[in-house]
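# Coordinate analysis (summary)
Below are the chains, spelled out letter by letter.
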Amino acid sequence: MGDLQFEEVSLRFPSESRPAVHHVTGQIHSGEVVVILGPSGCGKTTLLKMVNRLYEPTSGQIFLDGVNIQKLKVTRLRQQIGYVIQQAGLFPHMTVAANIAVVPRLLGWPKPQIQARIDEMLDLVRLSPGEFRHRYPAQLSGGQQQRVGIARALAGNPTMLLMDEPFGAIDGITRTALQDEILRLQRQLKKTILFVSHDVEEALRLADRILVMRQGEVVQFDSPLTLLTQPADEFVYTLLGADDMVRQLGVLPVSAAMTAIPPEDHNGARPTLSPQDNLREALSLILRTGAPALTISQAGQPVGLLTLERIRKLAVGKGGTPP
Ligand SMILES: Nc1ncnc2c1ncn2[C@@H]1O[C@H](COP(=O)(O)OP(=O)(O)O)[C@@H](O)[C@H]1O
Ligand SMILES: [Mg+2]
């Protein structure tokens with residue numbers, strides 16, 4: 001559940017001469033985190049808003065789990081889709097608890113179930129229910145407001161989350177913590193997430209795949225690694241800052257570059273990292289220990305192998321050369 005498909009989707013606002021979104025085609029798989037990345041005004045928000053039908057396409061179709069969303073009641077569609085925007089968009093006159101309860105109430109859940117859900121959601125985003133339930137949005141920091149925004153978006157158990165630059169107004173450290181939170185929630189809940197950003201590092205950290213947009217069109221839709229190493233054109237190359245590879249290694253997870261463990265491998269005494277560690281740590285560990293490769297393990301189980309050669313190919317290979 002949560003499989004989304006764009007087919008030749010376009011939207012031209014009546015007041016504009018150029019379409020805001022132009023012939024966008026692409027599939028987002030169930031459970032995937034896809035970041036829509038591109039400069040301001042390239043159509044990211046417009047594309048996102050067509051998914052929950054805040055905007056309707058001028059032409060083309062969008063399918064959710066194989067169903068044309070035009071054929072669904074808007075209210076039913078939106079129950080399946082959580083929506084998080086910048087500044088969280090919380091209702092200022094409602095407590096945190098009431099904000100989180102909005103969708104469950106609309107869905108007609110029994111009261112005790114709603115109360116339990118509020119606590120469950122606050123725990124999920126690591127805000128203590130006792131402390132935060134009765135506060136108003138103005139009594140929260142920006143980061144806490146975003147956590148409540150995420151809790152509210154998840155409360156009705158949607159199959160998919162739309163997030164439009166949710167951390168755009170949040171300072172660096174809090175922002176990184178919230179990004180980690182999204183990754184953790186994603187691993188735990190396996191929601192499809194469509195996340196708009198104009199921040200390359202954020203996109204590289206979060207995305208399974210990045211949909212790069214420019215002037216309403218999709219320029220490239222690939223994994224972070226492919227974008228860095230095989231940018232489709234000069235625009236993608238420059239946008240991704242592929243010339244600053246060492247910095248980029250710091251935001252790419254080891255899982256993006258590891259290879260399968262050969263069947264006859266006995267695992268030796270190689271140093272170990274986890275798939276979530278970044279490639280810059282991997283590089284420094286290899287250089288520090290002089291080991292030819294690292295074992296990548298998850299919960300004590302080896303899941304992959306990472307060689308210096310693999311990292312070097314990334315760092316100085318195709319990534320260093322403009323297309
Ligand atoms: N409601 C609207 N009416 C007219 N033009 C709009 C409207 N919303 C967005 N646009 C225009 O559509 C283009 C894409 O905007 P938007 O999707 O908000 O870009 P992004 O989210 O990538 O910054 C821009 O040129 C913008 O000015
Ligand atoms: Mg926008």
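Refer to the structure above for everything that follows.
Residues numbered from 1 in each chain as written. Chains lettered and ligands numbered in written order. Predicted model: local features only at pLDDT ≥ 70, side-chain atom pairs only at ≥ 80, totals over all residues.

### Thoughts on the overall build of the chain
Helix and strand content of the chain: 13 helices and 13 strands. Over its C-alpha atoms the chain spans a radius of gyration of 21 Å, differing by no more than 12% from the 20 Å that the globule rule assigns to 323 residues. When the backbone C-alpha atoms are referred to their principal axes, the chain occupies close to 60 × 55 × 35 Å. Counting across all 323 residues of the chain, residues that qualify as buried make up 39%. In the chain, 66% of the contacts between residues at least 6 apart in sequence involve partners at least 24 apart. (Helix = DSSP H or I, 4+ residues; strand = E, 2+ residues; numbered from the N terminus. Rg over C-alpha atoms; globule rule 2.2 N^0.38 Å. Buried ≥ 20, exposed ≤ 12 C-beta atoms within 10 Å, placed from the backbone. Contact = placed C-beta atoms within 7 Å.)

### Some words on unusual backbone geometry
For aspartate 65, which is not a glycine, the phi torsion comes out positive at approximately 50 degrees. Tracing the backbone through its elements, the reader meets aspartate 65 in the loop between β4 (59-64) and β5 (67-68). Here aspartate 65 falls in the partly exposed class, since 15 other C-beta atoms lie within 10 Å of it. Phi angles above zero are rare outside glycine, and glutamine 215 is one such case at about 45 degrees. With respect to the secondary-structure elements, glutamine 215 resides in the loop between β9 (209-214) and β10 (217-222). Using a count of 16 C-beta atoms within 10 Å as the deciding quantity, one classes glutamine 215 as partly exposed.

### What about the sheet that holds β5?
A sheet is described by the order of its strands in space; here four strands give the open sequence β2-β1-β4-β5, paired in antiparallel fashion. Of all the strands in the sheet, just β2 (21-28) and β5 have a single pairing partner and so form its edges. Across five bridges, strand β1 (residues 4-11) lies against β2 in antiparallel orientation. Paired with leucine 4 across the bridge in β2 is isoleucine 28. (Pairing = 2+ DSSP bridges.)

### Focus: the sheet that holds strand β12 (residues 293-298)
Taking strand neighbours across the sheet as the criterion, the three strands line up as β11-β12-β13 in an open arrangement whose pairing is mixed. Two strands close off the open sheet at either side, each with one partner strand: β11 (272-273) and β13 (301-307).

### Some details on the nonpolar core
The biggest cluster of nonpolar side chains holds 84 residues, and the ones touching the most others in it are Val35, Ile36, Ala151, Leu162, Leu194, Leu211 and Ala282. Among the elements that make up this core, the one with the highest residue count is helix α6 (residues 142-155) (six residues). Once residues lying within four places of it in the same chain are set aside, the contact partners of alanine 282 are Val254, Leu273, Asp277, Leu294, Leu306 and Ile311. (Core = buried A, V, L, I, M, F, W, Y, C linked by C-beta atoms within 7 Å.)

### Let's talk about helix α1 (residues 44-51)
Extensive coverage of α1 is indicated by the burial of six of its eight residues. Of the residues making up α1, those classed as buried are Lys44, Thr46, Leu47, Leu48, Met50 and Val51. A positive phi of about 60 degrees marks arginine 53, the residue just after α1.

### Describing the packing of helix α3 (residues 96-106) against helix α4 (residues 111-124)
Interaxial distance between α3 and α4 falls to 9 Å at its minimum, and their mutual angle equals 125 degrees. Considering their axes alone, α3 and α4 lie oblique with respect to each other. Where α3 crosses over α4, the handedness of that crossing is right-handed. Contacts between α3 and α4 involve Ala97, Ile100, Ala101, Pro104 and Arg105 from the former and Ile114, Arg117, Ile118 and Met121 from the latter. A class-by-class count of the residues in the contact of α3 with α4 yields seven nonpolar, no polar and two charged. (Axes fitted to C-alpha atoms, helices over the stretch in contact; angles between N-to-C directions. Parallel < 35°, antiparallel > 145°, perpendicular 65-115°, else oblique. Left-handed = near helix turned anticlockwise from the far one by under 90°. Nonpolar A, V, L, I, M, F, W, Y, C, P; charged D, E, K, R; others polar.)

### Topic: the pairing of strand β7 (residues 160-164)
In terms of burial, β7 is a largely internal element, four of the five residues being buried. Where strand β6 (residues 81-85) meets β7, five bridges bridge the pair, whose relative direction is parallel. Along β7, the bridge assignment pairs glycine 82 with leucine 161. Sheet analysis places β7 next to strand β8 (residues 192-197), joined by five bridges and oriented parallel. Bridge pairing in β8 links leucine 162 to leucine 194. Handedness of the β-α-β unit built from β7, helix α7 (residues 172-189) and β8 comes out right-handed. (Right-handed = clockwise from strand over helix to strand, strands pointing away.)

Any functional reading would require information beyond the geometric quantities listed.
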